[in-house]
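A look at the structure
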Amino acid sequence: MKILKIEFQNINSLRGIHKIDFTKAPFTTSSLFAITGPTGSGKSTILDVISLALFNQVPRLGKISRKEIEEKGAILTRNQKEAFATVTYECKSGEYASTWSISTARTGNLRDYEMQIAEVGSGELLDLKKSDVPASNEALIGLNYNQFIKSVLLAQGEFAQFLRAKKEERGELLEKITGTGMYRQLGIKAFEKFREVNAVIKAQQDKILVIKDELLENEKKQEITKELQQKEQESKPLEVALKSISKNIELKEAITIREKEIRVLELKKEAEENNFKRFNAEFGPGLKNHEKLQNYAEELRSWSHQKIELQRKNEEKEIKGAGIEKNLQEQKNCLESTGKFIGTEITSDTISEEVEHFGRKVSDLQQKRAERSTEYKTLKLQLQRELENVSFSLNEKDPDVSLKTLNELKNASEKAIKEFQKELKNIDLERSEAEKQRLNKGLEEAITAKQEHDTIDKTVADIEKLDKETELLLPKIAAFPGEIAIATNRIELFKERRDKLDLEKHNQVLRASLEEHRAHLINGEACPLCGSFEHPFAEELPKQDSDLQKKIVETAADLKTWTDKLTAATTSFKHFEERQREINSQKAVLETELKSHVFKFEEEFPQFQLKENRVWEQLFRNYRTQLKLLEEYEKENGKLKAIQIGMLIHLKLNKVLSEGVETKAELDKLYLGTDIHKDCGKFQQKWSALKQDHTGLTNQLKELQTRTEEQTEIFRNLELELSELVKDQYFVTIAEAREALLPELDYNRLRSQREKIKNDLGIHLNSLKLLTTQLQDFQKQDVEKTAEALTSELKQCNALLQSITSECEDLRRKLKNDKDRREQLEKLEAGIAEKEKQNKRWKLLNELIGDSQGKKFNDFAQDLSLSQLLQHANIRLADLSDRYKIDKPTAQEDDGLVAIDEHMGGQRRSVKTLSGGETFILSLSMALALSDLASRNVEINSLFIDEGFGTLDPETLDQTLDTLEKLQSESSKTIGIISHVDSLKERIATQIQLKRHGQGYSTLDVSS
C-alpha cells in the first residue's frame, strides 16, 4: 500500500484547500521528506487527514461524528462551513481515492458526514454506504485502523515510555501498542466459564443434600405403607353403607316429587277441560255452519267473484267509450297544427305525404348550406396551414382587407429574396440541399482538422518538456559514477586506516595491562613472564602515542562522512537513472503518437497545411455564416410560395362565402328550427299514435262487450244451481250462505286450535296415569325410617369416611413425595457426573490460562509478542547503531528492559540509564519493528514518523537519517519525518513546511 496524494480543506488549523502529491516533484526525486513547523502549526493534522479519509477516525479523538465536531470543536476549521479530506492510494487492486466530507446546511447546522471511494482510473464511485467505506478501505489496503496507525503512522513516543516502564506497566503498554488485549479477555473468559459451570455443579450438590435430608427412612416408609393398607380396609364397609343410605334418601325424594307432579297435572287437566268448554261456546256454531257448506265452498266463492267481475266490466265499457270520443278530438287538433307547420291545408288522407315533402325540401337546403360551410372551413384551414409561418390573420368580416395584407406580404418577401440572392451569389440556389451538405461537410472537416492539429501541438510540447528534463538529468547522471568511485576508494582507504589504528590501540591496551608487573621487576631477578634477568623497559617504557584515540575518532568520522556520501550518491543515481528510463519510454511513446497524428492529418486533410498558421475560428465563422444565410433564403422562399398559394385560396373562400349567405336566406323563409327530421317526425308520430289509439280503443270495446255477455250467461247458470243447494242446508239466500262461509285461513286456524286443546287434554290424562303408577312402585320400595333420620345417618357415615380418606391421601402423598425425591436425586447425580465429564476441558483451560483479571494468559502472550518485537527491533537497531541490542531482563535483573552494550564487552544495562538520544534510537527501532509486524502480509510503501529527533546529537541524528535513507532506497518507501529540529532542514531537502499565522490559522508549503 502506498499513499500517492493527500488533498484536504479546512481541517483543524489549516484553512483553505491544500494538496500534497507524492507522484510529482520534488517527491519523485527524493522520497525521504520532512514535515516541519513550530508546535501547534498543524504537523500532526496531516496524519489526521490520512486516517480521517480512510477510517473516519483520528488517533487523538477516535471515531468522528457530527456531535463530536460540534461539542469538541475538532476537525472543522473555526468559522468555516465545510471541510473534506481525500487520500489517493495504490494497492494490489489498483488506485483508489477515499474521501471524507462535511458541510453546513442553510439553517447553520452541520449536516452529517459523508464518505465515498472512487476508482481513480475510471472515476466511478464504488456502490457503498458511508458506514461501509472504512471496512472497504480495510479490505483494499489489507490493514484495519489499529494496524494502519501502527504500521504507517509511527509515534515512537509510546515506545520511549514502553522502554522505561516496569514489567506490569510494560505489559499494559505492549497490549495497547500491539492491540493484543484479546489474550487478557480470553483468560478472563476461561476463568468465568469455569466458574459458571462449576457454580451449576455446586448448586446441584447443595440441592442433593437438601433432598437427602427430606428422604423417608426405610422403617418409616414401611410403617406408612402398613397404615395406608389398614385405613383402606376400614373405608370399604363405610362406602357400602353410604351407598345404601344415599339410595333410600333418593327414593324418598322421588316419592315427594311424584306426588307434587300428580297434583300439578290434575290442575292442568281441569284447566284444559274448562278451556275446551269456552272454545265450543264461542266458535262452535260458526265452525258447524262452515263445515255444512264446506263441500260447496268453491262454488260460493266463484259466485261472489263473478258478481264483482261483471260490475267491473260494465264500468270499463263506459271508460272505453269516453276514450274514443277524446281520441277523435285530438286527431282534429293534430291536422290543424301540422297544416300550420308546413304552411298549407291538409286532410287525414294527405298529411303523411305533405309532411314528408316539406321535410325533404328543408333538408336539401340544410345540406347545401352545410356543404358550403364545410368547404369554407376546409379552405380556411388550408389557408392557415399555408400561412402558418407568415404573420397573417384572416379578417372574416372584411375579406378585402385580408387580400390587401397578402399583397403587401408578397411584395416584402420578393424584396428579401433578391437581397439573399446578392449575398449568396457564389451558391447554386437551385441546388440548395446539396450546397448545405457541402458546407456542413466542410465545417466538420475543419473542426476535426483543428482537433487533430491541437493534439499534434500538445504532443510536440510534451516531447520538448521531456527533452528539457533530460538536459538537466544527463549531466547529473554522468557525474555520479565518478563521485561513487571516489567515495568507494575513500571508504576503503579509511577502513584500512581504522583497522590499523584499532590494532595499534589493542597493542597499547595490552602493554598498559603489564605496567603493574613492570613496576615490581628487579634487575638480576628472573621475569615471571619471560624469565629474563635484564629489564630494559622496567624503567624506560616505550613512548606511547597520546593522539591515537583522537586519530581513531577522526578516521571514524571521515569514514562515516564518505559512507553517507556514497549512500546519498547511490540513491540519487538510482533515482535519476530510473527517471531517465521513464523519460525515454514516455518520449518513445509520444514520438510514435506524433508520427501517427501527422500522417493522419496529412492523409485526411490535404486541403490544410500542417505548418500553416491558420485562424481556425474565422474559417468556422465563414462556414456557419453561409449556412445560416442559405437556411434563411430557403425559409423566405418557402414563405413567398405560401403567400402566393394563400391568395388563390382566399379568392375561393370569398366565392363560397357568398353562396352560403344566399342558401341561408332561402332556408330561413321555410324553417327556423334546428332539426327538420325530428320536427316532421314528431307530427307524423303523433298522427300515427292517435290513429293507432283509436283502432285499439275500438277493438278493446268490442272484445269487452263479447266477454261481458259470455260471463253474464255463466253467472246466471251458477246462481240457479246454488239456489237449490243452499236451501237444502237451511239457508234462505246464496248471499246468506256466502256470509256463513268462513275464510279458509280462519277455518284452519280455529280447527287447529280445537285439535290442540283435545290433544293437550289427552296428554295430561296419560301423564297422570303414568305418574300414579310410578308413585305406587316407589311407595312399595320405601323404608320405615324418616328422611331426617336417614340424612343424619348419612352425615355421620360420610364424616367418618372423609376422615379415613383424608388420612389415606396424606399417607399416599408422603409415599409419592419420597418416590419423587429419590427419582430427582438419581437425575441430579447423573447430571453432575455428566457435567463433571464435560467440564474437564474447562477445568484444564482454567488451570492453564484462566484467572479473574486475565493476567496469566496475557503475560504469556505479551512475553511472546515482546520476544518477537525485540527480534525485529534488534534487526532495525543494527542499521541505526552497532553498539546496542535490546533484551528482556533475567530473573536477577530489574524488571525493566535491558540494553546490551556491545562496545563494553556485552555489558547489560537498564534502558533507564540511557541518554535521551540513545533512548530515541531504541524507541525508533521498536516503532519500525512494530510496523514490520503489523504489515507482514501487506507491502507498506509509505511511513510517517512523528517527533523525537530533537533528543539526538548531530552524529546520531546523521546516523539515524542514513538508516532511514537506506530503508527508503532498499524498499522504495516514501518516508515522512515529522519534527521541528532545524538541522533536519539542512540534511533533508524536500520539506512540507507549516507556518503559524494570526487568529490560529496555519499555511502549508512544499519546498525542495
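Rules of the game
All residue numbers refer to positions counted from 1 along the written sequence of the respective chain. Local features in this predicted model are restricted to residues whose pLDDT is 70 or higher, and side-chain atom pairs enter the listing and the counts only when it is 80 or higher, whereas totals over whole chains, interfaces and linings include all residues. Note: side-chain values were computed over all heavy atoms of the structure, leaving out hydrogens and water. We count a stretch as a helix when DSSP gives it H or I for four or more residues in a row; a strand needs E for two or more, and each element gets its number in order from the N terminus. To estimate how far a helix should extend, the number of its residues minus one is multiplied by 1.5 Å. For every residue, the accessible area (1.4 Å probe, protein chains only) is compared with the maximum for its type, and the residue is labelled buried under 20%, exposed over 50%, or partly exposed between those bounds. In this analysis, axes come from line fits to C-alpha atoms, helices being fitted only over the stretch in contact, and the angle between any two N-to-C directions falls in the range 0 to 180 degrees. Roughly parallel refers to an angle under 35 degrees, roughly antiparallel to one over 145, roughly perpendicular to one between 65 and 115, and oblique to any angle outside these ranges. Crossings are classed by handedness, with left-handed meaning an anticlockwise turn of the near helix from the far one by less than a right angle and right-handed meaning a clockwise turn. Any two residues whose heavy atoms approach within 4.5 Å are treated as being in contact. Only Asp, Glu, Lys and Arg are considered charged, only Ala, Val, Leu, Ile, Met, Phe, Trp, Tyr, Cys and Pro nonpolar, and every remaining residue, Gly among them, polar. Centres within 6.5 Å make a pair out of two Phe, Tyr or Trp rings, where for Trp the six-membered ring is used; the pair is then stacked when the planes are under 30 degrees apart, edge-to-face when over 60, and tilted otherwise. In this text, buried Ala, Val, Leu, Ile, Met, Phe, Trp, Tyr and Cys residues form a nonpolar core when linked through side-chain atoms within 4.5 Å. Domain limits in this description derive from either an automatic procedure or a database domain assignment. UniProt positions are given in the numbering used here, feature names are shortened, and annotations may be inferred rather than shown by experiment. Here a polar contact means two N or O atoms within 3.5 Å. Within protein one must be a hydrogen donor candidate and the other an acceptor candidate, and residues neighboring in sequence count only if both atoms are side-chain atoms. As defined here, a cavity is a set of points on a 1 Å grid over the protein atoms alone where a 1.4 Å probe fits but cannot get out. A pocket is an open set with protein on both sides within 12 Å along at least five of seven lines, and residues line them when an atom is within 4 Å of a point. Grid points are joined across faces, edges and corners, and a volume is the space filled by probe spheres set on the points.

**What to know about helix 19 (residues 744-781)**
Counted at 1.5 Å a residue, the expected span for helix 19 with its 38 residues is 56 Å, and the 56 Å between its end C-alpha atoms agrees. Taken together, the buried positions of helix 19 are occupied by Tyr-747, Leu-750, Arg-754, Ile-757, Leu-761, His-764, Leu-768, Leu-771, Leu-775 and Phe-778.

**Section: the packing of helix 9 (residues 297-342) against helix 10 (residues 351-386)**
Two elements in contact, helix 9 and helix 10, have axes separated by 10 Å at closest approach and are oriented at 25 degrees. If you check the angle between helix 9 and helix 10, you find them roughly parallel. Like other packed secondary-structure pairs, helix 9 and helix 10 cross with a definite hand, here left-handed. For the pair formed by helix 9 and helix 10, the contact residues are Leu-335, Thr-338, Phe-341 and Ile-342 on the first element and Ile-351, Glu-354, Val-355 and Phe-358 on the second. Across the contact of helix 9 with helix 10, the residue classes break down as six nonpolar, one polar and one charged.

**Concerning the packing of aromatic side chains**
For any pair of aromatic rings, the description consists of the separation of the ring centres together with the inter-plane angle of the planes. The full count for this structure, using the stated rule, is eleven aromatic pairs. Taking the centre distance of 6.5 Å and the plane angle of 65 degrees together, the rings of Phe-22 and Phe-944 count as edge-to-face. Linking Phe-22 in the loop between strand 2 (14-21) and strand 3 (32-36) with Phe-944 in strand 13 (residues 942-946), this pair joins segments that are 922 residues apart in sequence. The burial state of Phe-22 is the same as that of Phe-944; both residues are buried.

**A word on the packing of helix 10 against helix 16 (residues 616-670)**
When two helices pack together, their arrangement is given by the angle between their axes and by how far apart the axes lie. One way to put it is that helix 10 packs onto helix 16 with a least axis distance of 8 Å and a crossing angle of 160 degrees. As judged from the angle between their axes, helix 10 and helix 16 are roughly antiparallel. Judged by the twist between their axes, the crossing of helix 10 over helix 16 is left-handed. Considered class by class, the residues forming the contact of helix 10 with helix 16 number 14 nonpolar, six polar and eleven charged.

**Comments concerning the nonpolar core**
Residues Trp-100, Phe-148 and Phe-944 are the most contacted members of the largest nonpolar core, which totals 82 residues. Both domain 1 (1-142 + 938-1007) and domain 2 (166-178 + 854-936) contribute no fewer than three residues apiece to this core. Look past the residues within four positions of Phe-148 in its chain and what remains in contact with it is Met-1, Ile-50, Leu-54, Phe-55, Leu-143 and Leu-153. If you look at the next biggest cluster of nonpolar residues, it comprises 24 residues, including Ile-456, Leu-594, Trp-616 and Leu-627.

**Here we look at the UniProt feature "coiled-coil region" (unreviewed entry) in the protein**
According to UniProt, the feature "coiled-coil region" (unreviewed entry) maps to residues 211-320, 403-449 and 780-845 in the numbering used here. Spanning residues 211-320, this segment combines 95% helix with 0% strand, and its end C-alpha atoms are found 114 Å apart. Secondary structure content for residues 780-845 is 91% helix and 0% strand, while the C-alpha to C-alpha distance between its ends is 91 Å.

**With respect to helix 17 (residues 676-728)**
In a regular helix each residue adds 1.5 Å, so 53 residues correspond to 78 Å; helix 17 covers 77 Å between its end C-alpha atoms and thus fits that length. Structurally, the start of helix 17 carries an N-cap: the backbone nitrogen of His-677 is 3.4 Å from a side-chain oxygen of Asp-675.

**What about empty space enclosed by the protein?**
One water molecule sets the probe size; rolling that probe over the atoms shows where empty space is left. All chains considered together, the criterion is met by one cavity of 30 Å³ or more. For the largest cavity, the calculated volume is near 40 Å³. Taken together, Tyr-376, Leu-394, Asn-395, Glu-396, Pro-399, His-650, Leu-653, Asn-654 and Leu-657 make up the full set of residues lining the largest cavity. The element contributing the most residues to the lining of the largest cavity is helix 16, with four residues. Across the lining of the largest cavity, the residue classes break down as five nonpolar, three polar and one charged.

**As for unusual backbone geometry**
The amide bond that connects Ala-25 to the next residue, Pro-26, takes the cis arrangement and shows omega of 5 degrees. Notably, Asn-12 is not glycine yet its phi reads approximately 55 degrees, a positive angle. Structurally, Asn-12 is set in the loop between strand 1 (2-11) and strand 2. Judged by its relative accessible area of 24%, Asn-12 falls in the partly exposed class.

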